[in-house]
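Here is how the chains run, residue by residue.
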Amino acid sequence: MPYATILIVSLVLFSAALITVLVARPGIASTRGGKILAFMILFFLPVLCGAIGVSSEMERSTTTAFCLSCHTMEAYGKSLRIDDPGHLPAAHFQNHRVPPDKACYTCHEDYAMFGTMKVKLQGLHHVWVYYFGTPPAPGEIKLYQPFNNRECLHCHLGARSFEEGAMHTADPETLPAIKANTLSCMSCHDTVHDIAHLKDAKFWKEKQ
Amino acid sequence: MIARTDSIEKRLQIAGTLVIIGLVVEALCLIWGQPISFVIFVAVGGLFLFAGVVLFLFSLVSIPHAHD
């Protein structure tokens, strides 16, 4: 368990212990000082614990391990280790073009205003379907909308390999079209999470 | 006067119990760390925390004055 989680759980349990004392001896709150103490224990601490807890859970929901903890996502996790530089997610994951511990979130985040809130709501919908609905087979999972170039350009815009790449500059209309999202990055970089051919794939074994 | 104090103490105890339940649910969810734990944390833990805190605040503002 991460140290941050241990600290938060300790704070939560400490707060619960203080409240237990107040519940056992409510007479403490009869004086002016006791009322202030009761306010700190029964309002300030629970609100603080709730806010820190939500923040911690939100942060954890951005990790690769969190996404891959759902059985439906196992194949997508395996596709990150395909030993093929032409496989887009694998090349990004293995070469640390995205943080490996936040690989899913980095590419599937919505880099627009309120984008984080939007993807969190979609994530809650995924959790709901996983536990209370009928999750689709891994091969049938589709994006809500076609992948927006904005997510790629968040990192690649301005990078030399992108701005001066031979394929990107061969036609002067290509770069503006990519930047305007009228020409999808996926139209050329089209090998993405090829889970249908996982059984034939060779996998990269990370050196410990 | 005694009845008034008893009423406040009773509300404090109920509010405190609700908040304790909420905090225990929060602690368990943080330790568990599965995707469903976030939903339980918000839906169950959050509900108890909210109810406890609101009841506590309500008990503060609804205390009748001694001369009433």
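Below or above, wherever it landed, is the structure these notes cover.

Definitions and cut-offs
- Residues numbered from 1 in each chain as written.
- Chains lettered and ligands numbered in written order.
- Predicted model: local features only at pLDDT ≥ 70, side-chain atom pairs only at ≥ 80, totals over all residues.
- Heavy atoms only, no water.
- Helix = DSSP H or I, 4+ residues; strand = E, 2+ residues; numbered from the N terminus.
- Rg over C-alpha atoms; globule rule 2.2 N^0.38 Å.
- Contact = heavy atoms within 4.5 Å.
- Areas by Shrake-Rupley, 256 points an atom, 1.4 Å probe, with all protein chains shown as cover.
- Lys, Arg positive; Asp, Glu negative; His and termini not counted.
- Charge placed at Lys NZ, Arg CZ, Asp CG, Glu CD.
- Salt bridge = Lys/Arg side-chain N within 4 Å of Asp/Glu carboxyl O.
- Buried < 20%, exposed > 50% of the residue type's maximum accessible area, 1.4 Å probe, protein only.
- Phe/Tyr/Trp six-rings, centres within 6.5 Å; stacked < 30°, edge-to-face > 60°.
- Patch = residues over 30% accessible without salt bridge, like charges linked within 9 Å, V, L, I, M, F, W, Y side chains within 5 Å.
- Axes fitted to C-alpha atoms, helices over the stretch in contact; angles between N-to-C directions.
- Parallel < 35°, antiparallel > 145°, perpendicular 65-115°, else oblique.
- Left-handed = near helix turned anticlockwise from the far one by under 90°.
- Nonpolar A, V, L, I, M, F, W, Y, C, P; charged D, E, K, R; others polar.
- Polar contact = N/O pair within 3.5 Å; in protein donor to acceptor, adjacent residues only side chain to side chain.

**Let's talk about the overall build of chain A**
Point 1. Helix and strand content of chain A: eleven helices and zero strands.
Point 2. Counting from the amino terminus, helix and strand elements in chain A follow one another as α-α-α-α-α-α-α-α-α-α-α.
Point 3. For 208 residues, the compact-globule formula gives about 17 Å, and the C-alpha radius of gyration of chain A, at 24 Å, lies well above that figure.
Point 4. With respect to the principal axes defined by its C-alpha atoms, chain A has extents near 80 × 40 × 40 Å.
Point 5. Expressed as a percentage of contacts within chain A between residues at least 6 apart in sequence, the contacts between residues at least 24 apart total 59%.
Point 6. Here chain A displays about 13300 Å² of accessible surface, and carbon together with sulfur accounts for 65% of that area.
Point 7. Taken together, the 18 basic and 18 acidic charged side chains of chain A have centroids lying 12 Å from each other.

**Notes on the pattern of salt bridges**
Residue and element names in this part refer to chain A.
Point 1. Following the criterion strictly, the structure yields nine salt bridges over all chains and no others.
Point 2. As a salt-bridge pair, E59 and K102 come within 2.5 Å of each other at their nearest N and O atoms. Remark: K102 occurs in the loop between helix 5 (88–94) and helix 6 (103–108) and E59 occurs in helix 2 (residues 32–60); sequence separation between them is 43 residues.
Point 3. On the basis of relative accessible area, E59 is assigned to the partly exposed category, the value being 44%.
Point 4. Across the pair E163 and K179 runs a salt bridge whose closest N-O atoms are separated by 3.0 Å. Of this pair, E163 sits in helix 9 (residues 160–163) while K179 sits in helix 11 (residues 174–179), and the two are 16 residues apart along the sequence.
Point 5. The class for K179 is partly exposed, based on a relative accessible area of 40%.
Point 6. Connected through salt bridges with shared partners, the residues D110, K118, R150 and E151 form a single ionic network.

**A word on the environment of T31 of chain A**
Point 1. Mapped onto the elements, T31 of chain A comes out in the loop between helix 1 (3–24) and helix 2.
Point 2. On a C-alpha basis, the gap between T31 of chain A and S10 of chain A in space is 29 Å, while along the polypeptide they are 21 residues apart.

**Looking at unusual backbone geometry**
Negative phi characterises most residues that are not glycine, and trans characterises most peptide bonds.
Residue and element names in this part refer to chain A.
Point 1. At F114, a position not held by glycine, the phi torsion is positive, near 65 degrees.
Point 2. Position of F114 relative to the elements: it lies in the loop between helix 6 and helix 7 (115–132).
Point 3. In this model, N181 sits at a positive phi of 65 degrees, which is unusual for a non-glycine residue.
Point 4. In this structure, N181 sits in the segment after helix 11.
Point 5. Note on N181: relative accessible area 34%, which makes it partly exposed.

**So, the packing of aromatic side chains**
In this description, a pair of aromatic rings is defined by centroid distance and the angle of the planes.
All names here are of chain A.
Point 1. Considering all chains together, one arrives at four aromatic pairs over all chains under this definition.
Point 2. Between F39 and F43, the aromatic rings sit 5.0 Å apart at their centres with planes inclined by 20 degrees, giving stacked as the arrangement. Of this pair, F39 and F43 both sit in helix 2, four residues apart, which is roughly one turn of that helix.
Point 3. A relative accessible area of 25% means that F43 is categorised as partly exposed.

**Focus: a nonpolar patch on the surface**
Point 1. Together, I36, F39, M40, F44 and L48 of chain A together with L57, F58, L60 and V61 of chain B line one region of the surface with nonpolar side chains, adding up to about 790 Å² of accessible area.
Point 2. Of all the secondary-structure elements, those providing two or more residues to the nonpolar patch are helix 2 of chain A together with helix 2 (35–61) of chain B.
Point 3. Of all the elements, helix 2 of chain A adds the most residues to the nonpolar patch, at five residues.
Point 4. Within the element layout of this structure, F58 of chain B appears in helix 2.

**As for the packing of helix 1 of chain A against helix 2 of chain A**
Residues and elements named next belong to chain A.
Point 1. One way to put it is that helix 1 packs onto helix 2 with a least axis distance of 10 Å and a crossing angle of 155 degrees. Classed by the angle they form, the pair helix 1 and helix 2 counts as roughly antiparallel. Where helix 1 crosses over helix 2, the handedness of that crossing is left-handed. In contact with I8, L11, V12, S15, L18, I19 and L22 of helix 1, helix 2 contributes A38, I41, L42, L45, P46, L48, C49, I52 and S56.
Point 2. Taken together, the residues of the contact of helix 1 with helix 2 break down into 14 nonpolar, two polar and no charged.

**Re the side chain of N149 of chain A**
Residue and element names in this part refer to chain A.
Point 1. Considering the arrangement of structural elements, one finds N149 in helix 8 (residues 149–156).
Point 2. Overall, N149 belongs to the buried group, its relative accessible area being 1%.
Point 3. Within the structure, the side chain of N149 is placed 2.9 Å from the backbone oxygen of I178, a separation counted as a polar contact.
Point 4. If we skip the residues at most four places from it in the chain, N149 touches I178, N181, L183, S184 and C185.

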